[in-house]
Structures are given as C-alpha cells and as structure tokens.
Amino acid sequence: MTTAATPWGETSRVPADAGGTEAPAVVVRGLNRRFGKVRALRDVDLELAPGRIYGLVGRNGAGKTTLLSTLVGQVLPSSGSVELFGRRSLENPAVLARTVYVRDHQCYPDDMRVRHVLRAAGHAYLGWDEEFAQRLVADFRLSPKARCKKLSTGQRTALGIIVGLASRAELTILDEPYGGLDPVARGLFYDRLLEDFAEHPRTVIISTHLVDEIADLLNEVILLDDGVVTLHESEEQAREHAYRLAGAERDVERLLESTGAGERVSRRQSVGSMTMVVVAAPLDDATETLARELGLEVEPVSLQEVVAAMGTLSVTESTAQEGAL
Amino acid sequence: MDDSRPIFQQVADRISSDILAGTYGEEDQVPSTNEIALFHRINPATAGKGVNTLVTRGILYKRRGIGMFVATGARRILLEERQAQFVRDYVDPLVAEARAIGFTAEDALRVVGRRLGAATAAGEPRKEQS
C-alpha cells in the first residue's frame, strides 16, 4: 500500500479544516491503563485523520509514552480499544507493517552497524525508501559502518529519525525524537519531515516538550495531562486557550476581578507598578473591550505558554476532582 | 513567523506584500503550497489556508494541475484593501503615540509631512549627499 503523492502545486486537499472525509488512521475508544495504583491513561478517546501532523504534548509522566506504546500494542490496555486503519493493532503484522514507532532513546543492538539497522528496517516496513534513507544518513553525517554502541546520544536519535522517516509508514510515531540532537540537526529533521510529508502525506504523531519549535509544523495538538486528554484541537484553536494581559497593576487587578478571570491566572510577573499575567481561558469580547478601555495590552501567547498555562491550572483542578471521586 | 497573528494570515500578507512590491507580477505563478511550507517551516495545510484566503479575495487563482497565479487586477484589489486599513494600522497608532509623547497636531503633521516629502524626493533621481 502506497500513499499517492500530491501533484506539485495541487492544493485541492488542503483546506485545513476539511479533515474527517477519509477513514481515520487511529481510533481510540475509552482507553484506560493502570500500572498498579497509577492510572496512566484515563478514558482516552482519540480519532486521528490521515495526512496530518499531530503534536502530543504534556508534562513528564502525563502518559504520552504509555499512549503511544498502547497504539502499537507494546503496552496492553486495561480497558478500551485501539484500532489502526480500522483494525486491531495488537499482534497484527499487516497493521504494524504500515506503522513505525520510534521510541524515546531508541536502542538498537549494540553490535549492529548503522547499515544493518537500515537493512532490517527495509525488511520490516512496506513503504521503506532506501535512497531516502541513504540521503538522510549523509544529511545527519552518520557513518553506515559505525556500530550502534559507538554512536553518541544525538547520533542514536538521528538513526531513529532516519528509520522513522524513511519507512514512510502511514502511521509514523516519533516519541521525543530530540535526545542529544543539536539545533542544526533538529532543523534538518523538521525540514526533511516537511519535505517528505508534502510529497507523501501520512499520519505523523510527534511527542515533544519543545512545543514552540514544532508548533508551526502541526495540524493539531493533543494535550495529555495526568492521563487525560485535556485538549485536542487545531494548532490555531489551541492557541486561543490563553492570553497575556499587561499594564498597570491596579488596572490588571480590576479587570481580573470584574471578569472573574482571576481564577484562571496561571502566571504572574510584576515589575514596579506594572503587571503581566497569563490567563488560561479564551479571550471573550467583554474582557477585550474592558481591557482596551483600561489601556491594558492584550496579546496572544505561544503554544508553549498555552500548554504550560493549562498544565499549571489543571493540577489544582484534578486534585479537586480526585477529592470528589 | 511571529506569535502575534495566525500563521496563515502571515503567509497571505507575505504574498500580498510581494505582489505589491512587484516581486510577482499579474499572471505570474506564485510558489506552490509545499514550497511555501518548506520555506517558512510550517505545515502545508497552513500554507494552503493562507493561499486560499487570497483566492477567496480574488488575488490569486488556480490553474488546475499547474499551480497558483496572480490574478489580473490583484494589485488594485490589494492597494484598495491596504488603503482602507491605513488609518487603523498606521494613523491610529501614530496618533496614540503622538499623544503619549505630548506632540500637538501641528508637531505630528510637520514630522509626517517632512518624511513624506523626503520619501518623494528620494524616489526621484538626485545626487547622493552624505
């Protein structure tokens, strides 16, 4: 099964919000996973469309790797279901040959050489492109003869990225593909990913903490917090979940009080009589009007800030929920 | 790309500015969605959305199977749009700043007039003076 290349310049499939016309690549329903007393995933529902790039974000221990491992059947669900391309993924070779999963700090056997890893990957993945793999090896300056145990952390990460990209799998999962990568190599990764994605669209999931670096590459953002999907939206919509407010301290306080936004403040910084707050809530018209009347600056924030803001607030909320259970 | 405005708008604005500056003439082909995406390191769908807003406004049009082209009359449409936005985007901030620093209307007008005069003069051939 190959994915048809989009003709150069053809933009008919492009409207950003036209997803959902094709069968989803990933369907997750009511997924739960416990490790002893820890609920790593709680009632996760997800539907991922083909031909899109998803960013999976969340703090350490939020359940990102558990979710990704569950997708490919490397971790079993405690309850709920996972389907890839409309079929169960668990021990299903037909489905797994169309899926590549590169783990965080992916290890390959120490004695294998780079070219052995690539050869093995060539056998494992239906869409493998050897020429592309060789080009990436040169781009990332890996020696095909080098043994895996001699590779630096960054080189290992690069090898994982090469396997992830050159397999051209319809579902490409990259878990934190950053370990030890320098900024030049990260830029190279983004460029090659975009280039190849443009010609061979597929479903890509990238988990990351470097949110702002990758934000512009994403179609959609999935935020996982304490095992719960707290946000799954387009990158643009996601950015609207928080805003920054700055101005004279008393005016900021007045606005926060009269709009009730004070409860949603996730970050606050003051210098002299000036205050800047990040509010983790969508900006409504009333707040915007009042802010303008008070002469306050209202600005959008970066995706990283949204993620941080939502993470900060939900900690207190989930503790409250926990108490209510 | 900066954080203050949606990326697709920045893509559209960039192409618009290039058309106004004459980088792309009317009936010229503009870069494909994928080329734009790679250049700015953004998702192709975002680039496509930016291009599509220009199609909706009659600035670009699509030749099936070939690519996107600048429509005849695109410059005129863009000029009219920019002129309509001029007060909001440039005059209002200027007025606000003039007030903040204690400029009277005459002060502000004098400075602006001088600049406009200088810009006109610079547009004409003249001897370079340092």
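Keep in mind that this is a model prediction, so the values were computed, not measured. (Residues numbered from 1 in each chain as written. Chains lettered and ligands numbered in written order. Predicted model: local features only at pLDDT ≥ 70, side-chain atom pairs only at ≥ 80, totals over all residues. Heavy atoms only, no water.)

### As for the overall build of chain B
Turning to step 1, where the next piece is worked out: Per the secondary structure count, chain B includes five helices and two strands.
Turning to step 2, where the next piece is worked out: Ordering the α and β elements of chain B from the N terminus gives α-α-α-β-β-α-α.
Turning to step 3, where the next piece is worked out: Looking at chain B as a whole, 31% of its 130 residues are labelled buried.
Turning to step 4, where the next piece is worked out: In chain B, the share of contacts with a sequence separation of at least 24, taken over all contacts with a separation of at least 6, comes to 56%. (Helix = DSSP H or I, 4+ residues; strand = E, 2+ residues; numbered from the N terminus. Buried < 20%, exposed > 50% of the residue type's maximum accessible area, 1.4 Å probe, protein only. Contact = heavy atoms within 4.5 Å.)

### Regarding the sheet that holds strand 5 (residues 87-88) of chain A
Turning to step 1, where the next piece is worked out: Strand order across the open sheet formed by four strands is 2-1-4-5 (chain A), with antiparallel pairing between neighbours. Two strands bound the open sheet, and with one partner strand each, they are strand 2 (38-48) and strand 5 of chain A. (Pairing = 2+ DSSP bridges.)

### Observations concerning the nonpolar core
Residue and element names in this part refer to chain A.
Turning to step 1, where the next piece is worked out: With 59 residues, the main nonpolar core has Leu 118, Phe 140, Leu 159, Ile 162, Val 163, Phe 189 and Ile 206 as its most contacted residues.
Turning to step 2, where the next piece is worked out: Once residues within four sequence positions are removed from consideration, Phe 140 is found in contact with Ala 158, Ile 161, Ile 162, Ala 185, Leu 188 and Phe 189.
Turning to step 3, where the next piece is worked out: Formed by 25 residues, the second largest nonpolar core is a distinct cluster that contains Val 28, Leu 31, Val 44 and Leu 46. (Core = buried A, V, L, I, M, F, W, Y, C linked by side-chain atoms within 4.5 Å.)

### Examining the packing of helix 6 (residues 183-199) of chain A against helix 2 (residues 33-40) of chain B
Turning to step 1, where the next piece is worked out: It is at 9 Å that the axes of helix 6 of chain A and helix 2 of chain B come closest, and there the two elements cross at 170°. Between helix 6 of chain A and helix 2 of chain B, the angle is such that the two are roughly antiparallel. Listed contacts from helix 2 of chain B to Asp 191, Leu 194, Glu 195 and Ala 198 of chain A of helix 6 of chain A are Asn 34, Ala 37 and Leu 38 of chain B.
Turning to step 2, where the next piece is worked out: For the contact of helix 6 of chain A with helix 2 of chain B, the residue count by class is four nonpolar, one polar and two charged. (Axes fitted to C-alpha atoms, helices over the stretch in contact; angles between N-to-C directions. Parallel < 35°, antiparallel > 145°, perpendicular 65-115°, else oblique. Nonpolar A, V, L, I, M, F, W, Y, C, P; charged D, E, K, R; others polar.)

### Quick look at the domain arrangement of chain B
Residue and element names in this part refer to chain B.
Turning to step 1, where the next piece is worked out: Segmentation of chain B into domains returns domain 1 (7-72) and domain 2 (75-121).
Turning to step 2, where the next piece is worked out: Counting residues at the interface gives eleven residues for domain 1 and six residues for domain 2.
Turning to step 3, where the next piece is worked out: At the boundary of domain 1 with domain 2, total buried surface from both sides reaches about 760 Å², with 58% on carbon and sulfur atoms.
Turning to step 4, where the next piece is worked out: At the surface where domain 1 touches domain 2, the tally comes to one salt bridge. (Domains from an automatic or database assignment. Buried area = accessible area lost by both parts, 1.4 Å probe. Salt bridge = Lys/Arg side-chain N within 4 Å of Asp/Glu carboxyl O.)

### Examining the pairing of strand 10 (residues 228-234) of chain A
Residue and element names in this part refer to chain A.
Turning to step 1, where the next piece is worked out: As paired elements, strand 9 (residues 220-225) and strand 10 share six bridges and run antiparallel to each other. The residue of strand 10 that forms the bridge with Glu 220 is Ser 234.
Turning to step 2, where the next piece is worked out: The turn linking strand 9 back onto strand 10 is made up of two residues, and Asp 226 within it adopts a positive phi angle of 55°.

### Considerations on the packing of aromatic side chains
Turning to step 1, where the next piece is worked out: Applying the stated criterion across every chain yields a total of four aromatic pairs over all chains.
Turning to step 2, where the next piece is worked out: Ring centres of Tyr 178 of chain A and Phe 189 of chain A lie 6.5 Å apart, and the angle between their planes is 80°; this geometry places the pair in the edge-to-face category. Of this pair, Tyr 178 of chain A sits in the loop between strand 7 (171-175) and helix 6 while Phe 189 of chain A sits in helix 6, and the two are eleven residues apart along the sequence. Comparing Tyr 178 of chain A with Phe 189 of chain A shows no difference in burial state: the two are buried.
Turning to step 3, where the next piece is worked out: These aromatic residues form a ring-pair network of at least three members: Tyr 178, Phe 189 and Tyr 190 of chain A.
Turning to step 4, where the next piece is worked out: Its end group placed over the ring of Phe 69 of chain B, Arg 63 of chain B keeps NZ or CZ at 3.8 Å from the ring centre. (Phe/Tyr/Trp six-rings, centres within 6.5 Å; stacked < 30°, edge-to-face > 60°. Lys NZ or Arg CZ within 6 Å of the ring centre and 35° of its normal.)

### Some thoughts on the pattern of salt bridges
Residues and elements named next belong to chain A.
Turning to step 1, where the next piece is worked out: Applying the stated criterion across every chain yields a total of 24 salt bridges over all chains.
Turning to step 2, where the next piece is worked out: Salt-bridge contacts for Glu 220 lead to Arg 52; the nearest nitrogen and oxygen are separated by 2.3 Å. Of the two residues, Glu 220 sits in strand 9 while Arg 52 sits in the loop between strand 2 and strand 3 (53-57), which places them 168 residues apart along the sequence. Accessibility assignment for this pair places Glu 220 and Arg 52 in one class, buried.
Turning to step 3, where the next piece is worked out: Taking the shortest distance from any N to any O, the salt bridge between Arg 192 and Glu 195 comes out at 3.1 Å. Taken together, the positions of Arg 192 and Glu 195, both in helix 6 and three residues apart, correspond to about one turn of that helix.
Turning to step 4, where the next piece is worked out: Note on Arg 192: relative accessible area 16%, which makes it buried.
Turning to step 5, where the next piece is worked out: For Glu 195, a relative accessible area of 29% translates into the label partly exposed.

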